[in-house]
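Overview (structure and organization)
Chain residues, written in single-letter form:
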Amino acid sequence: MSATVPDLAVPIGAVTLKNPIIPASGTFAASYGRVFDLGRLGGLVPKTLMPGYRPGHPPNRLTEAGGGLLNAVGIPSDGEEAFLRDTLPAYKGWGTPLIVSVSADTAAGFAELVALLEDEGVDAVELNLSCPNLEEGGKSFALDTKMTAEAVAACRSSKLPLWAKLSPNAEDIAAIAAAAVDAGADALIVANTLTGMAMRRDGRPALANVTGGLSGAPVKPVNLRCTYQVAQKLPGTPIIGCGGISTLQDVLDYMAAGASAVAVGSATFTRPLTMVNLVDEIASHCTSRGIAARDLTLRA
Ligand SMILES: Cc1cc2nc3c(=O)[nH]c(=O)nc-3n(C[C@H](O)[C@H](O)[C@H](O)COP(=O)(O)O)c2cc1C
């Protein structure tokens with residue numbers, strides 16, 4: 001008897017991911033293509049592109065904390081030209097959708113980057129809304145409904161699908177999600193890191209930036225709750241769950257909370273094959289139950 005091949009494809013609006021597993025921006029590089037076939041992933045996501053040259057935060061930028069990781073990398077960048085010339089080509093040709101993450105410190109800055117990507121053969125753009133808005137005193141876009149709406153609306157003239165990446169630091173993430181969708185977001189990534197802090201033994205902050213973004217296992221209950229709240233508020237809007245995912249059960253939990261797909265970040269640092277292993281495990285899970293991957297998503 002031949003085993004049936006499960007249907008792992010999941011629709012995220014106009015984009016069909018090959019399966020529900022994609023990398024979380026900033027935790028992955030195209031050089032993983034030397035370790036496994038990147039075409040096995042549901043889609044590919046490079047590190048967030050920001051305008052111009054940026055050195056990022058000074059070291060120390062990364063530390064273990066609370067059973068997870070705390071980072072304040074600060075999105076270093078060689079600028080748009082280098083991104084289009086060097087980074088983007090390495091992500092193309094893998095036969096799986098390419099989603100480019102962008103961020104900026106003004107709404108117009110987001111729009112300029114999205115416009116730049118318009119004809120670059122990418123399948124969707126992820127708007128990383130966690131950056132500080134310099135026009136609003138440095139408050140993160142993702143903490144405010146109006147700022148979120150402005151950033152998304154500024155990009156909406158693009159024909160590319162727009163995925164808004166939200167922050168678990170928001171007081172009412174469902175309200176922010178609704179603002180993003182009203183302004184034209186096609187899908188939501190729920191969510192980025194949770195702001196935290198760690199001390200060294202000498203009582204000084206472990207990170208040069210003092211605070212950083214907590215990721216990995218400790219954020220899962222928070223981001224899972226965020227996913228559930230957003231899914232309940234916006235039935236029908238595709239959600240990509242993110243935060244502390246490393247096992248099949250983590251994936252199933254996010255999909256049961258309403259996610260259509262998930263992004264895996266910190267787990268790749270400890271086990272580089274985590275994502276491909278998850279794809280295999282989802283395939284076995286679906287085969288043994290005679291279901292498709294899209295059936296794993298709870299419909300609110
Ligand atoms: C070292 C590091 C760098 C990151 N850089 C970015 C980034 O450039 N853009 C972004 O949207 N998220 C970035 N993130 C957040 C991840 O994409 C993800 O949202 C977060 O780590 C939660 O997922 P995880 O618990 O699976 O790591 C970064 C996370 C880490 C640990």
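As a starting point, this report considers the structure included with it. (Residues numbered from 1 in each chain as written. Predicted model: local features only at pLDDT ≥ 70, side-chain atom pairs only at ≥ 80, totals over all residues. Heavy atoms only, no water.)

All right, on to the sheet that holds strand β9 (residues 124–128) then. What the seven strands build is an open sheet, ordered β3-β17-β16-β13-β12-β9-β8; its pairing is parallel. Whereas interior strands pair on both sides, the edge strands pair on one side only; in this sheet they are β3 (21–23) and β8 (99–102). Taking each pair of neighbouring strands and ignoring which way they run, the sheet shows an average axis angle of 25 degrees. Where β9 meets strand β12 (residues 162–165), four bridges bridge the pair, whose relative direction is parallel. The residue of β12 that forms the bridge with Asn 128 is Lys 165. Packed onto the sheet, helix α8 (residues 274–289) meets β3 and β17 (261–264) and runs at close to 170 degrees relative to β3. (Pairing = 2+ DSSP bridges. Helix = DSSP H or I, 4+ residues; strand = E, 2+ residues; numbered from the N terminus. Axes fitted to C-alpha atoms, helices over the stretch in contact; angles between N-to-C directions. Contact = heavy atoms within 4.5 Å.)

Evaluation of the coordinates by the stated rule reveals three aromatic pairs. Seen from their ring centres, Tyr 32 and Phe 36 are 6.3 Å apart, and the 35 degrees between their planes marks the pair as tilted. Among the residues examined, Tyr 32 registers a relative accessible area of 16% and is labelled buried. Here Phe 36 falls in the buried class, since its relative accessible area comes to 8%. (Phe/Tyr/Trp six-rings, centres within 6.5 Å; stacked < 30°, edge-to-face > 60°. Buried < 20%, exposed > 50% of the residue type's maximum accessible area, 1.4 Å probe, protein only.)

Okay, the site of the ligand next. Lining the immediate surroundings of the ligand are 20 residues, of which Ser 25, Thr 48, Gly 216, Gly 244 and Ser 266 lie closest. The contact in question runs from an oxygen atom of the ligand to an N or O atom on the side chain of Lys 165, over 2.8 Å. The contact in question runs from an oxygen atom of the ligand to an N or O atom on the backbone of Gly 265, over 2.9 Å. Protein contacts shield 96% of the accessible area of the ligand, which totals 610 Å² for the unbound molecule. (Near = heavy atom within 4 Å. Polar contact = N/O pair within 3.5 Å; in protein donor to acceptor, adjacent residues only side chain to side chain. Areas by Shrake-Rupley, 256 points an atom, 1.4 Å probe, with all protein chains shown as cover.)

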